[in-house]
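# Architecture at a glance
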Amino acid sequence: MIHNNLSINSVGHLTFAGYDTVELANKYGTPLYLMDEDKIRNRVRVYKQAFKDFFPEGSVPEYASKAFSCKRIYEIMAEEGINIDAVSKGEIYTAKKAGFNLANCFFHGNNKTDSDIAFAIDNGVGHFVVDCIEEIYAINKIAAEKNVVQKVFLRVSPGIDPHTHKKISTGSVESKFGIAIETGQAMDAVRLILEQKNLSLCGFHCHVGSQIFESEPFCTAAEIMLSFIKSVKEETGFLASALNLGGGFGVRYTEKDPVTDYRAKIKEVADVVNALCKNLGIPVPKILMEPGRSLVADAGITLYTVGSVKEITGYKTYVSIDGGMADNPRFALYEAEHTVINATHADKKPNLVASVAGRCCESGDLIGEKLSLYKPSRNDILAVLTTGAYNYSMASNYNRIERPCVVMVNKTKDYIAVKRETLDDLISLDE
Ligand code: LLP
């Protein structure tokens with residue numbers, strides 16, 4: 001199977017972390033997001049250990065919580081002792097309510113409003129990642145009003161194309177994120193930050209993109225960023241103590257995607273960072289990275305109930321499920337591929353090529369096309385794999401569909417991390 005927490009039991013059902021998926025679907029209803037808590041913890045530990053082994057002291061991974069945000073995930077990250085990246089008041093608030101120490105939170109985003117900034121400062125968010133000139137002034141002004149010196153990183157765009165889907169590529173000069181090194185604007189922004197009394201610059205940040213399997217784009221980014229650190233030192237006297245290389249390592253959505261040894265990839269980046277610093281004659285900064293997808297994506301699957309199998313003679317076949325773009329918009333947005341299994345008959349070989357369609361009134365509401373699976377009957381359970389990232393967090397109520405619940409499983413129990421929305425939840429804000 002594509003992930004090592006998936007198997008098939010004696011009645012032919014797909015199992016997930018040892019649990020019978022058909023039984024879980026019966027117990028909690030569908031659509032159902034399932035998350036494997038132990039797998040998340042193990043992946044976090046791989047990152048944490050690699051950071052400890054290969055980077056200077058104080059280097060820690062951050063969990064990019066846009067991938068999957070709810071109170072329970074922040075509790076897990078707090079217990080595992082890693083930092084978080086948050087991009088909105090909502091993520092900060094959720095982390096706070098989960099008891100996460102916000103001193104270990106990095107506040108990202110390319111357009112933080114004055115209200116966001118005030119909220120984050122009031123709640124003791126440890127670091128801001130500044131994205132534009134206006135934010136330099138705004139954070140400094142609000143910090144001054146609150147008598148705080150706010151620690152900040154500057155997000156710069158290194159000018160790299162990581163060869164991933166263009167909608168998840170962020171490091172080019174033209175990107176809406178960060179300030180470009182190439183145009184000289186990043187250096188000007190550094191000078192401006194250093195002039196502000198209520199900002200304390202810690203270092204620099206870049207994020208080149210997402211779903212990247214090679215360490216090469218990170219190494220190229222490190223090369224550009226470390227040279228920038230050296231130029232900044234020469235031109236302003238400021239020596240960055242930390243460098244954040246962003247998130248982005250990929251995961252397996254289909255068998256075509258490689259298995260990634262994250263520890264080995266991090267070591268490759270560390271080797272390049274160490275060699276470059278030596279060549280440049282600068283101390284190795286603390287290294288931060290902010291994986292989202294690679295901490296949670298393959299720890300999640302989604303279960304659906306099949307409604308119909310519609311064969312359009314001579315054309316194509318649709319398998320319709322009781323979810324779709326409202327709980328997983330990734331195909332609609334990026335034509336992203338996911339592996340789909342008939343969980344009720346996981347022991348049977350695929351004998352059908354079909355499009356899996358959601359139930360929204362929208363032709364583009366598909367989970368995928370040309371998917372091979374064992375032909376389902378009404379009420380069979382379908383499992384869509386690798387949905388732990390950017391599914392629940394991107395879910396909507398389009399067509400007034402209730403968002404599914406999130407169930408976590410671990411060695412000892414299955415439990416609800418996020419309740420299923422009710423019809424009353426849907427109208428709870430209506431006047
Ligand atoms: N840091 C920054 C500044 C980011 O913008 C992102 C992702 C990450 C870290 C985490 O990247 P990851 O390790 O998860 O690749 N919705 C899209 C992905 C959007 C990624 C946005 N930024 C998808 O479903 O593929």
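Computed from a prediction, not measured in an experiment: that's the story for all the values here. (Residues numbered from 1 in each chain as written. Predicted model: local features only at pLDDT ≥ 70, side-chain atom pairs only at ≥ 80, totals over all residues. Heavy atoms only, no water.)

### As for the state of the cysteines
Where we set the bar: In what follows, a disulfide is any cysteine sulfur pair within 2.5 Å.
Scanning the model with the defined rule gives zero disulfides in all. In this structure C277 is a free cysteine whose sulfur lies 12 Å from that of C219, the closest cysteine sulfur available.

### What about the packing of helix 8 (residues 216-236) against helix 9 (residues 262-280)?
As a reminder, the rule being used: Whenever a helix is involved, its axis is fitted only over the stretch in contact; in every case the axis is a line through C-alpha atoms, and angles between N-to-C directions fall within 0 to 180 degrees. Helix numbers and strand numbers start at the N terminus; a helix is a DSSP run of H or I with at least 4 residues, a strand a run of E with at least 2. Orientation categories follow fixed angle ranges, with anything under 35 degrees roughly parallel, anything over 145 roughly antiparallel, 65 to 115 roughly perpendicular, and all other angles oblique. Helix crossings get a hand from a simple test, with the near helix turned counterclockwise from the far one by less than a right angle marking a left-handed crossing and a clockwise turn marking a right-handed one. In this description, contact between two residues means that some pair of their heavy atoms is separated by no more than 4.5 Å. Under the convention adopted here, Pro, Cys and the residues Ala, Val, Leu, Ile, Met, Phe, Trp and Tyr are nonpolar, Asp, Glu, Lys and Arg are charged, and Gly plus all remaining residues are polar.
Direction vectors running N to C along helix 8 and helix 9 enclose 30°, while the axes themselves pass 10 Å from each other. By the angle between their directions, the pair helix 8 and helix 9 is classed as roughly parallel. Handedness of the crossing formed by helix 8 with helix 9: right-handed. Residues F218, C219, A222, E223, L226, S227 and K230 of helix 8 lie in contact with helix 9, whose contacting residues are E268, V269, V272, V273, L276, C277 and L280. Counted by class, the contact of helix 8 with helix 9 contains 10 nonpolar, one polar and three charged residues.

### Observations concerning the packing of aromatic side chains
To keep it simple, the criterion reads: In this scheme Phe, Tyr and Trp rings, the latter by its six-membered ring, pair at centre separations within 6.5 Å, and the angle between planes marks the pair as stacked below 30 degrees, edge-to-face above 60, and tilted otherwise. With a 1.4 Å probe rolled over the protein chains alone, any residue whose accessible area is under 20% of its type maximum counts as buried; one over 50% counts as exposed, and the rest are partly exposed. Criterion for a charge above a ring: Arg CZ or Lys NZ at most 6 Å from the ring centre, at most 35 degrees from the ring normal.
A complete count under the given rule lists 10 aromatic pairs for this structure. Relative to Y262, the ring of F249 has its centre 6.3 Å away and its plane inclined at 70°; by these criteria the two rings are edge-to-face. Note that F249 is positioned in the loop between strand 12 (242-244) and helix 9 and Y262 in helix 9, a separation of 13 residues in sequence. Look at F249 and you get buried, because its relative accessible area is 2%. One Lys or Arg, K112, reaches over the ring of F107 and ends 5.7 Å from the middle of that ring. Above the face of the Y415 ring, K413 is positioned so that its terminal group lies 5.0 Å from the ring centre.

### Thoughts on the site of the ligand
To be explicit about the condition: One heavy atom within 4 Å of a molecule or strand makes the whole residue count as near it. Whenever a nitrogen or oxygen atom comes within 3.5 Å of another N or O atom, the pair is scored as a polar contact, on the condition that within protein one atom can donate a hydrogen and the other can accept it, and that pairs from neighbouring residues in sequence are kept only if both atoms are in side chains. Working definition of accessibility: Shrake-Rupley area with a 1.4 Å probe, residue cover restricted to the visible protein chains.
Residues in close proximity to the ligand total 19 residues, the closest being S210, R293, R330, Y334 and Y390. Here an oxygen atom of the ligand and a side-chain polar atom of S210 are 2.2 Å apart. Within the contact set of the ligand, an oxygen atom lies 2.9 Å away from a backbone nitrogen or oxygen of G248. Considering the ligand on its own, with 590 Å² of exposed area, one finds that the protein chains cover 92% of that surface. When the residues that make up the shell around the ligand are grouped by side-chain class, the tally is six nonpolar, seven polar and six charged.

### Thoughts on helix 5 (residues 114-122)
Given 3.6 residues per helical turn, the α-helix brings residues three or four places apart onto the same face. All buried positions along helix 5 are accounted for by D116, I117, A118, A120 and I121. One or two positions beyond helix 5, positive phi appears at G124, with a value near 70°.

### Concerning the pattern of salt bridges
The test is simple: The working definition used for a salt bridge is a side-chain nitrogen of Lys or Arg within 4 Å of a carboxyl oxygen of Asp or Glu.
Enumeration according to the criterion identifies 25 salt bridges in this entry. Residue E337 is joined to K256 by a salt bridge in which the shortest nitrogen-to-oxygen separation is 3.1 Å. You can see E337 sitting in the loop between helix 11 (330-334) and strand 16 (340-342) and its partner K256 sitting in the loop between strand 12 and helix 9, a full 81 residues away along the chain. Overall, the relative accessible area of 63% leaves K256 in the exposed class. Here K267 makes a salt bridge to D271, at a shortest N to O gap of 3.0 Å. A residue pair is termed a helical-turn pair when its members lie 3 or 4 positions apart in one helix, as K267 and D271 do in helix 9 at four residues.

### Side note on the sheet that holds strand 1 (residues 6-8)
Note the following rule: Should DSSP find at least two bridges between two strands, the strands are taken to pair.
Spatial strand order, 1-2-3: three strands in an open sheet with antiparallel pairing. Two strands in the sheet have a free side with no partner beyond their single neighbour: strand 1 and strand 3 (19-20). Bridge count for strand 2 (residues 14-16) against strand 3 is two bridges, and the pairing is antiparallel. In the sheet register, T15 faces strand 3, and the bridge partner there is D20.

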